[in-house]
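Report on the structure
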Amino acid sequence: MQQTLTEKKKFGYAFGIFTESLVYNMFYTYYLTFLNEIVGIQPKYSSIIIFISIAWDAITDPLIGNYTDRPGVDKRKFMRVSILPLAVIFVVAWTSIGAGFSAEIAKILLYTLLSMCIWIFYTMYSIPYYAIVAELTEDYDERTDIRSLSSLLNAFCVGIANILPALVPTVATLLGKKYQSNSYAVIAAIISIMAVVLGFVCCKSLEGVYTPKQLKDGEVTEKVTLKSTFGAFADILKLKPTKWFLMFVFFFLAMSSMIQSNLTYMVIDCIGMKYDTGIVFVILSLVISMAATVPIVEKVANKKDRRFATIYFLTIVFVLEVLIKIVGLDAKIGNFKIMCVVSPAVLGVALGTFWTLFYSMGYDLVELNEFKTGERRESTITALPQFVQKFGAAFGILMAGFLLSAYGYDSSKDVAGNESLFTKVTDPEVIEGMENISTIIPAAILAVSIVCVIIYPMTRTRFNALMKQLEKKRKGEEYTTEGFEKLL
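Worth saying up front: this structure is predicted, and the values here are computed from it rather than measured.

The number of helices and strands found in the chain is 19 helices and zero strands. Viewed in the frame of its principal axes, the chain has a C-alpha envelope of about 70 × 45 × 40 Å. Considering the chain as a whole, with its 488 residues, one finds that 59% of them fall into the buried category. When contacts within the chain are restricted to residue pairs at least 6 apart in sequence, long-range pairs at least 24 apart make up 85% of them. Carbon and sulfur atoms make up 66% of the accessible area of the chain, which amounts to about 18,700 Å² in all. Positive and negative side-chain charges of the chain, numbering 45 and 42 respectively, have mean locations separated by a distance of 2 Å.

If you trace the backbone, Asp-305 turns up in the loop between helix H13 (275-303) and helix H14 (306-327). Despite its burial, Asp-305 pairs with no opposite charge, the nearest such side chain being Arg-307 at 5.6 Å. Reaching out from Asp-305, the side chain makes a polar contact with the backbone nitrogen of Arg-307 at a distance of 3.3 Å. In this structure Asp-305 touches Tyr-140, Val-300, Thr-459 and Arg-460, once residues within four positions along its chain are discounted.

Together, Phe-308, Tyr-312, Ile-316, Val-319, Leu-320, Leu-323, Ile-326 and Val-327 line one region of the surface with nonpolar side chains, adding up to about 720 Å² of accessible area. Residue placement: Tyr-312 occurs in helix H14. Since its relative accessible area comes to 44%, Tyr-312 is described here as partly exposed.

Quick look at the environment of Phe-90 now. Structurally, Phe-90 can be placed in helix H4 (residues 75-93). For Phe-90, a relative accessible area of 0% translates into the label buried. Taking the C-alpha atoms as reference points, Phe-90 and Tyr-111, separated by 21 residues in sequence, lie 11 Å from one another. Leaving out residues up to four positions away in the same chain, Phe-90 has contacts with Val-23, Met-26, Ile-118, Ala-188, Ile-191 and Ser-192.

Parameters at a glance
- All chains use their own residue numbering, which begins from 1 and follows the written sequence.
- Local features in this predicted model are restricted to residues whose pLDDT is 70 or higher, and side-chain atom pairs enter the listing and the counts only when it is 80 or higher, whereas totals over whole chains, interfaces and linings include all residues.
- Derived side-chain values reflect all non-hydrogen atoms in the structure, with water molecules and hydrogen atoms excluded from consideration.
- Labels follow the DSSP assignment, with helices taken as runs of H or I lasting at least four residues and strands as runs of E lasting at least two, numbered in each case from the N terminus.
- Any residue under 20% of the maximum accessible area for its type is buried, any over 50% is exposed, and the rest in between are partly exposed; the area is computed with a 1.4 Å probe on protein chains only.
- In this description, contact between two residues means that some pair of their heavy atoms is separated by no more than 4.5 Å.
- Reported accessibility uses the Shrake-Rupley method at a 1.4 Å probe radius. Residues are deemed covered only where the shown protein chains occlude them.
- Charged-residue counts in this description rest on Lys and Arg as positive and Asp and Glu as negative, His and the chain ends being excluded.
- Where a charge lies is defined by one atom per residue type: Lys uses NZ, Arg uses CZ, Asp uses CG and Glu uses CD.
- A carboxyl oxygen of Asp or Glu within 4 Å of a side-chain nitrogen of Lys or Arg is what we treat as a salt bridge.
- Any pair of nitrogen or oxygen atoms within 3.5 Å is treated as a polar contact; in protein, a donor-acceptor pairing is required on top of that, and neighbouring residues in sequence qualify only through side-chain atoms on both sides.
- Patch members must show over 30% relative accessible area and no salt bridge, and they are joined within 9 Å when carrying like charges or within 5 Å when they are nonpolar side chains of Val, Leu, Ile, Met, Phe, Trp or Tyr.

Structure, rendered in structure tokens:
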């Protein structure tokens, strides 16, 4: 018997964000730096490693999404199976075993393979985790509420996944010279333990409130083929709102991942602070800003709708990023370097807005697709933006790596395996380039993302009109497309 989606159950589900977000944020913020400074790979090659691994995973997204939409497939069990392998591979990927290789190609191949494995198991967990909300409720505001709760906890995940790796120099000192190069692996192990425990808490909380799609008598679970997968994707891409939604996702993630992957260089070289001190200010500001933004965004989205809230808050972020570039990341009030608080706070507003509303916006396409095709494809519709999301994020990191090289930064001159090599750059052209990677270039990318949301036609009014007619269609009654013609 289906149980009520109580507040306790919602919290249990929301805690599952730790498994996804801890891995995601530590990887996106620190893996480029780890490969550059610890393994000793040049930035342009490090960014290629990340791009290839995420691009490969993006290929598996539609297959996993299509499979978990099949009748007879239990999304909760699928999540549970992926948790332990994800945790183990994540720890191995942060070890410095490749730092001693003399050939750079050997390092590249090893860490490409390891990061590819991370993202496959990550996808096995994250797609059903996010997709399952569309099966728990069809209520417009309740979907926003669930995602807001998850997004609020995500702010703490961002803090943990960024603050713990910032302790790497301290861990290195404790481990001693012989083992200090594996300080990141120690942090990754702590992250993985938390991910495992809270991932299983999430799976347990879904008992009784989530019911897998049932097979009909004599029916067997269909095999997933490329033809069926791309056929489902083709149906979804035919929906008018889809292309604008996906472009919004791509450009936003390119913007945010570019800034995140450059945080270490921003603190040391642009703001001009010691790493240990500066990164604490940056992460605390980011987390507090995200946590404060989520309830405000939720309130605006419930009063207006998700599209309006997205445009409103991201436009504020765009303006502030331009102003930060004009003022400069090295700005001071007295002796305090204020951008260690201001710049991450602006990013926090952007991330709080996106992660609160992004998946809920995608859920709206489930009912639109059902209206047009008669099929509910929660996981496939979740997989499609994740497919684009990862390409966007990988593109942002790729651009950051190439831009660092283009501006003249070359970490290969450092000694690989030394965790204390967070030294300040003195070349003003390189510093100017690093500042651009954290300000004006992401602002330009964000502007494109905002334009896509403005064109995106899904509003609360049109969604409610769609649901009214979809209910009639489900009952076999006469229906129309009045009130949501622009969605079709």
